[in-house]
Structure formats: structure tokens, C-alpha cells
Amino acid sequence: MKRIIFSILMLVAANLVYGQHTLSGRIIDKADSKPLTNASIVILNQDSIMQQFTRADEDGKFSFKSLMDTSYLLIVSYPKYELISKKIKLEGSSSTLAPIALSSQANLIEEVVIQQRLPIRIKGDTLEYDAGSFETEKNAKLEDLLRRLPGLSVSGDGKITANGKSVSKVLIDGEEFFGYDPKIAIRNIRADAVDKVQVYEKKSKQAELTGIDDGVREVTVNAVLKEEARKGIFGNAEVLAGTSDLYTGSLFAAKFNKTERIGITANTNNMGAGMGREGGLRMNSQITGNPRSTSVGTNYENQFFQKKVNFNGNYNFNNNSNNNASESYNQQILTGNVIQESWSKAATENSSDAHGLRSDIRYRIDSTSNMEVNIGANFAKNYSSNTSFSETKNNTQGNVSDLDDNTVTNGDTRSNDIRLNYRKRLNKRGSSLNFHFNNSYNKNDSESIVKQTANFYTKDSVSVINQQRINNTHSNNISGQIQYSDRISNKINYSLGYNISNSTNKTELKSFERGDGSMPPVLDILYSQDQETININHGMVANLNYFVEKLSINLSNRTTFKDQSLTDGYRNIDLDRTFWDNDINMNVNYRLSNRKNVALFYQNNYNIPTFGQLQPLQPQTNPLFIQLGNPDLKRSNNNSFRLNYHTMSLLKGTSWNMNADIAFTTDPIVNQQTIDTAGVTTSSYINVNGKSSWRAGVNTNFSKPVFDKNTQFNVFGSLNYNNGFTYIKYGPDIKTQQYELNDLQTTSLSTGFGLNEQNSKGLDYDFSWRVSVDNQRNSLQKNYNYTAFNTSGSGFFKYFLPKKFNVSSNINYSLDGPTKFYKKSLHQFYVNAEISKKLLSNESLTASIKGFDIFNTFNNINRSSSETGFSQSSQQILTRYILVGLKWDFNKNLGKKKEG
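The sections below set out a description of the structure shown in this document. (Residues numbered from 1 in each chain as written. Predicted model: local features only at pLDDT ≥ 70, side-chain atom pairs only at ≥ 80, totals over all residues. Heavy atoms only, no water.)

Observations concerning the overall build of the chain
Scanning the chain for helices and strands turns up six helices and 50 strands. With respect to the three principal axes, the spread of C-alpha positions in the chain is 140 × 75 × 60 Å. Per-residue burial over the chain gives 43% buried out of 900 residues. Of all intrachain contacts in the chain linking residues separated by at least 6 positions in sequence, the fraction that spans at least 24 positions is 64%. Accessible area of the chain: about 45000 Å², with a carbon and sulfur share of 54%. Counting 101 positive and 86 negative side-chain charges, the chain places the centres of these two groups 8 Å from one another. (Helix = DSSP H or I, 4+ residues; strand = E, 2+ residues; numbered from the N terminus. Buried < 20%, exposed > 50% of the residue type's maximum accessible area, 1.4 Å probe, protein only. Contact = heavy atoms within 4.5 Å. Areas by Shrake-Rupley, 256 points an atom, 1.4 Å probe, with all protein chains shown as cover. Lys, Arg positive; Asp, Glu negative; His and termini not counted. Charge placed at Lys NZ, Arg CZ, Asp CG, Glu CD.)

Quick look at the structure:
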């Protein structure tokens, strides 16, 4: 009996000794990971009886001692924060919990609200807008809806930006609709047919095919249609006529039947191609030259064979013509305090007939494999005529040269391409094989009649050219890639691939001196070319991805061996060069919370010299310009870093986006120019050894609702810097002179704000103002360094009147401050206005009268600058005119729910 009692006592003692357990952990704020001092932590047993209680110290840390090896319920609380409870099971002598993050009640409410039907939701990396929460006019289009969404803006010419980033793709239910022109979709899809608008970033098509993350992100807008809007007929027709014999007529019609979608579009006008919705007040709407444009397009999409095959195809035809007149003035900085000036006048005429055909076919072969085929073809006939006269002088010689040029060209271009991508999943773990093939062919045939007369005043000589130039160019590119992907674990996957490509280009340019017609044409080798280039690449691809709940890391590398060969029969050139190219990319994305995200990108690659930069001798195009290559060029190296931070509060409606980048190129390939006293420029290329060209910038924007959350306020700013190099040599004895290096540095600081309220009631407005300071410095002639002040503003206002009348106006102003070259500021101001009335009971017919540049104040002068030059130009434009029009929106069944 004593032994039994002794054994029981020993077991109890052992349990007391070995069952005692220590538990520790840390309490932090989920939003910023700061410690929550004095947070309450309670331990309950399985019967919900409290065992121990403690509070977190200054670092948020806590600990419990003398716990048994069993299961407990841990409860953590903190004033104005959420209550967290979690089950834990203790084994061994001690345990350390991962940091326990608590959300504040404000953030907690916001995250709960996200799950409800609210105007904006976050789904992973996708920002989703509930279209029904943003009111639009009756018969409004997707473009009008996008303008009402916080963080999105649409310019007058249809360019979309989302949180400061340019949108590159617009999809309808995840598919392209008239893919050759995304503006057709946003300007014709009805706003009341849209259920949701999704905004997200995806890798570039090239990155998806090659497996190399090039750091490029395509911002995509996807409009998800309502279920009842996937069947019906809709469209619009518009006719406008105006002063100066202006006219335009457009038609769009579409039929949706679940998976089948048919669309047609047509337009004819004498206002210019690309005007989109002619008369749109948000555009400058100046009419350049005397344009004529006719276009027709169609799009068809459907699914076949039990939805295994998805087909999307489109065709478009464009007939465009124009004639115009222009003038330009240019100042170029040379060495030795010389400023070279040139004036030119030109009259141009051009026309083209172009056909385009494209189809995308996706075939789901079975549950483990699919194939995608893209086929495209284009054909165009082109005509151009250019008559110009230019003269050059400088501040030391006076008149240097002039050139009278008359060139007429007729040509045909043809191209076709096919892309095939096949994917096969090998097992349930996720192993897959990807095969990609691409072939593209281009052919360009043209014939030109060229008449040029150049006067060289310093040499007292004249050069006369009267030639027939026949050009036949064709290229064929074939590439293929095979890639294997697999998982190492649930968090890590990788891919390995090999690619090969062959690109061949053949150019045969024959330039014949026409003479006076008494003698047969003579081939002029100086202006002719018989060139063939072959580029063969072999590459290896490696890609590694790491994913956890909040963190994703992508590391990729592509190593390519390039073999470039070039021959020119007319110049006895046989050039063969080889290069190694290495492209390293890293992308780190960390989601701080449901509303905060930070991303870091890094890329290292090389600039490989092109054939045009390598070829020693190239055919001239006129007597005043000679282009040479440099067969001794070496590759230059690029390094770039980019940081992005984005945060938004759905409850408060605020958002902040910041992008910072810095990049530099070592031993950059730059232009090298020799300008003699006769005015002849010889251009070539050279590495700037031991130096780097830089680019750096910071861009940020912040938006929040104001005035009872009816108006969106946006403030933005940017600071950008870049520099570039150019070698220049000028003088009478250029053979003995040395090149001088010009280092051009440009710095720009800008800031501005915007106010936007669009609810289709009372007054809608979209106003923005920007100010900037630009500083430009060159090392050749520092007395021309300058700092200029610029500012610009624009406002679009629309007032909704009784009786279905609307009054709209667009006001624009800009000022470019004076520089050392331009002593006077450049002012730009114009006002457009419109009065419209909706007719019929369903408001489907709209009558309008629109006036453009009503005060006739549009300034027809443009200024620009380059590494060594400053330019000012003007051209023939029509800015002041009036349009009267009717627009009819029709809709049969689309978006209408069936009764009962």
C-alpha cells in the first residue's frame, strides 16, 4: 500500500513539474504595427473559467507562467479596438505566439462595410465600383460613368487615367470590344447597362508570354455588364453640320445575345480622323488642314462547342486625306558661341486607304490544356506630297545654306502576323508546360519622285537632285519559346524556359538620276541601298515567385546571346557583331492592410546597338544631311528602381498615391554631330564612356470628398530630373577639331489641384489648375540656361436647366513663360460652349448647337526643346466654328428585366 501511495505522489509531482508551461506574445495595432500598451489579455480554460489575467507592457509584450499542457481560450481587448479570441493548445515547456494585430473600430467598421454593397469595394488587387451608386444622365455612356468614379478621369480625346496611372486596356466582361480602338467601347456602351467597373493592374503581354517580369504593369478597366444587359440591341446615330461647310455623320449599333456580341461602327466627316465624338467640348477641337475621313468597323464575339472555343474578331477600314501648310523656326546651340538658326515653310498633302483584320481564338482543349491563337493582317495604299523650303544662317557667317524640296511618294504596305500560345497542366500540383510561337511579315513598296536644290553660300555652290527612288522592303520575324513551370511549395513556384528568334530584313532602294530625259536613268549609289540584316537570338529564362498572404516577390532573369549581321552590296559592307544581353527584374509587393499597399521594382538590362547605329555608311536623303554608323559601338547598361505606395479609405473616400523612380544608364549611346560651315550635318553614334545619364522623379496625388462629400478634391505634385549627352563639332576645319560634350540637364517642379462634382443634377463641373517651374541647363553655352514659369487651367461646366435643357462650357488657359531663346511668354486661351435639349418622352433624341473658340483666341504656336535645339512651329488650323446637330440613342430590351 505504501508503494502505491508513493507512486501516486511521484506522478502528481512529476505532472506539476513537467506540466508547467510559459506562454508569451505581443499585441500590436493592425494599421501601423505599433504596440498597444496596457492591452488586456485573459486566459480561459475549456469551461470558460478564467485562469490568468495580465496587461501588455510598453512594447506590447505579455507573458503567462505556470500553465498546464492543455487547450485554452485566449481573449485580447483594447479600448476602441476589436475584441479577438483564439484557441491555443500548449505543449512542451514554452510557447511564443505570433504578434496579435487588432484593428481600430473605425477600420473594423470599414472592413465590415467593404463586404456590403457599397459604391467601392476592394477585392484583392482589384478596385471595384458599383455602377448603380453613381448617378448619370439618361442615355449616358460608359465614358460619362467613368468620369464620375473617384480616382478615374477621362480626357477629351478618350484617354483614361486611374489613380494617376494611364489605362492601357478597356474590357467589356473581360473581353476586348473593338480592340483596335478602345474609345469605341467607352463612348458607345450604355452606362445603365454596367453593373460594376473593375480597375486592376496586370503584367504586360510580353511578360506573360516570356515569363520575365519586365516591371511593366498594364492598368486595365473592365466593365461588368448586368445580366439583363447581355441581351438586346442598342446604339446611336449622330449628324452634325456647321459653318465653313463642316459636316459629320456617325453610327454605332450592337446586338448582344448572352455570349454572342455583334457591333458595327461607321463615320464620315471633314473634321479629321480621331475626333471621336465630333464636337466634344472637352477637346481642343481645332481642325488641322483640310481633312476628309471615312471609317467603317465591325466586331464579332461568340463562344462555340459547349463554350470550349471563344472567338473575337474585328475588321476596320479607314480612308483619310488631308492637305496642310506649316511654318517652323529652329535655334541650335553649337560650339564656339555659335547659334545656328533655320526657317522653313512646307505644304503637305497625303491620303491613305487602310484595311485591318484581327481575330483572337481561345480553345479549351480539355481540363488540363488550352490554346490561344491571334491572327492579324493589314493592307494600306498611301500617297504623300511635300513641298518645302528651308534656309539656315548663324550669328557668325550670316546665310549658310537653303534647300528647296519637292517629293511625291506612292506606296503599298502589307503585314500579317500569327501568335500561338499552348498551355498544358501536367499534374494536380500545378506543373505546366507553355509553348509560344510567333511569326510576323511586313512588306513595303514605294516609288518617289524627288526634286531638291541646295545652295551652299559659303562654298558658292549648288547641288541639284532629280531622282526616281524605288524602295522595296520586307521583313520576316520568327520566334519560339518553351517554358516549364512548377511549384516547390504552396508559397514558391518557378519557371524555366528557352527561346529562339530569327529576324531578317531586306531593303532594296534604287535611286535613279532622271536628267532631262535624253539619257537613260543612272543609278546613284550615294542615295541607294542594297542591305540585308539578320538578327538571331538564343535566350534562357528563369523565373521565381514567392507568395504569402500579404507579401509577393518575383525574381526573373533572361540571358540572351545576340548574333547580328549586316551586308550592303552597294557599299561592300559585311558586318557581323555578337552581344550578350542580360535582363534582371525584381518585383516586391507588400499589402500593409486591406487599403494600403507598397511595391518596389528593380530592373537591370542592356541597350544593344541597332543596325542603324552600327552601319558605317547609310544612304543620304538630301544634300544637307549625312547619316553614319559606328561599328565599334558597345552596349550600355541600364539600372532602374521604382517605388509605389497607395492607400485609400473607403469609409472616408480618401486616397493617396505616390510613385518614385530613379534610373541611370552607364556608357550611354548618344548622338554625335559634325556641322561644317557649309551647313552640312554628319550624324553618328558613340558611347560616352565613364559617364551616366540619369532620370529621377517623384509623383504624388491625394483626393478626398469635400462639401458634404458631393465634390471630389484632388491635389497633385511632381518633381522630375533628367540629363542627356550630345557630342558636337563645328567649324571650318572639322578634321582637326575636337568634339565637345554637351550635358543637358532638365528639372521640373509642378503642383496643382482639381475639383470635380458630377451627379447630373443642378451643376456638374470638373476644374483643375497646375503651376510648374522648369529649369534647363546646358554645358556648351551656359548663358542660355534658363528657368521658366508655366501654368495652365481648364474647367468643364454643365448646368441642367428645366425643360430638359443643358448648357455646357469648356474653358482652357495656359501660359509658357519666357526663356533665353523666347523673350515673350506664350499664352493660350479658348472657350467652347454648347446648348442642348433632350427630346421625346424617353429622352432618346438630343438636339444641340455648339460653338468652338467662340472668342477666336486660340493660339496657333507650339514650342519644344531638345538636347541642343529649340523649336517654334505653327500650321494651318480652323478653331472657330459652329455645329448644329441631332443625336439619337436607341435601345431595344437591353438592360430591361423581364416581368414575372
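Here's the deal with the side chain of Q603
Relative to the helices and strands, Q603 is located in strand 33 (residues 596-607). For Q603, the side chain forms a polar contact with the side chain of D583, separated by 3.4 Å. (Polar contact = N/O pair within 3.5 Å; in protein donor to acceptor, adjacent residues only side chain to side chain.)

Comments concerning the pattern of salt bridges
Throughout the structure, instances matching the rule amount to 20 salt bridges. Close ionic contact of E137 with K838 constitutes a salt bridge, the shortest N to O distance being 3.8 Å. Of this pair, E137 sits in the loop between strand 10 (126-130) and helix 3 (142-148) while K838 sits in strand 45 (residues 826-839), and the two are 701 residues apart along the sequence. As far as the burial class goes, E137 and K838 line up, both buried. Here K141 makes a salt bridge to D889, at a shortest N to O gap of 2.4 Å. Of this pair, K141 sits in the loop between strand 10 and helix 3 while D889 sits in strand 50 (residues 881-892), and the two are 748 residues apart along the sequence. Sharing partners across several salt bridges, the network here consists of D173, E227, R230 and R261. (Salt bridge = Lys/Arg side-chain N within 4 Å of Asp/Glu carboxyl O.)

Brief notes about the packing of aromatic side chains
If you walk through the whole model with that rule in mind, you get 21 aromatic pairs. Pairing Y602 with F641 gives two aromatic rings, centres 4.7 Å apart and planes at 40°, and the pair type is tilted. Pair noted here: Y602 is in strand 33 and F641 is in strand 35 (residues 636-649), with a separation of 39 residues, a long-range link. Residue classification places F641 among the partly exposed residues on the basis of a relative accessible area of 37%. Aromatic ring contacts, followed pair by pair, group Y784, Y786, F821 and F870 into a single cluster. The lysine or arginine in question, K459, covers the ring of F456, its NZ or CZ lying 4.8 Å from the ring centre. (Phe/Tyr/Trp six-rings, centres within 6.5 Å; stacked < 30°, edge-to-face > 60°. Lys NZ or Arg CZ within 6 Å of the ring centre and 35° of its normal.)

Looking at unusual backbone geometry
At N337, a position not held by glycine, the phi torsion is positive, near 60°. Counting through the fold element by element, N337 comes out in the loop between strand 22 (309-333) and strand 23 (339-366). Look at N337 and you get exposed, because its relative accessible area is 55%. Of note in this structure, E843 is not a glycine but carries a positive phi near 60°.

A few points about the pairing of strand 42 (residues 763-777)
Across 13 bridges, strand 41 (residues 740-757) lies against strand 42 in antiparallel orientation. What sits directly across from N756, in strand 42, is D766. As paired strands, strand 42 and strand 43 (residues 786-800) are joined by 14 bridges and run antiparallel to one another. Residue pairing for strand 43: L763 is matched across the bridge by Y799. (Pairing = 2+ DSSP bridges.)

Some words on the environment of I534
Following the sequence through the fold, I534 ends up in strand 30 (residues 529-547). By relative accessible area, I534 is classed as partly exposed at 27%. Distance in space between the C-alpha atoms of I534 and L566 is 6.6 Å, their sequence separation being 32 residues. Among residues more than four places away in sequence, those in contact with I534 are N502, S503, T504, D563, Q564, S565 and F611.

With respect to a positive patch on the surface
The grouping of K231, K255, K258, K307 and K892 at the surface amounts to a positive patch. Counting through the fold element by element, K892 comes out in strand 50. On the basis of relative accessible area, K892 is assigned to the exposed category, the value being 53%. (Patch = residues over 30% accessible without salt bridge, like charges linked within 9 Å, V, L, I, M, F, W, Y side chains within 5 Å.)

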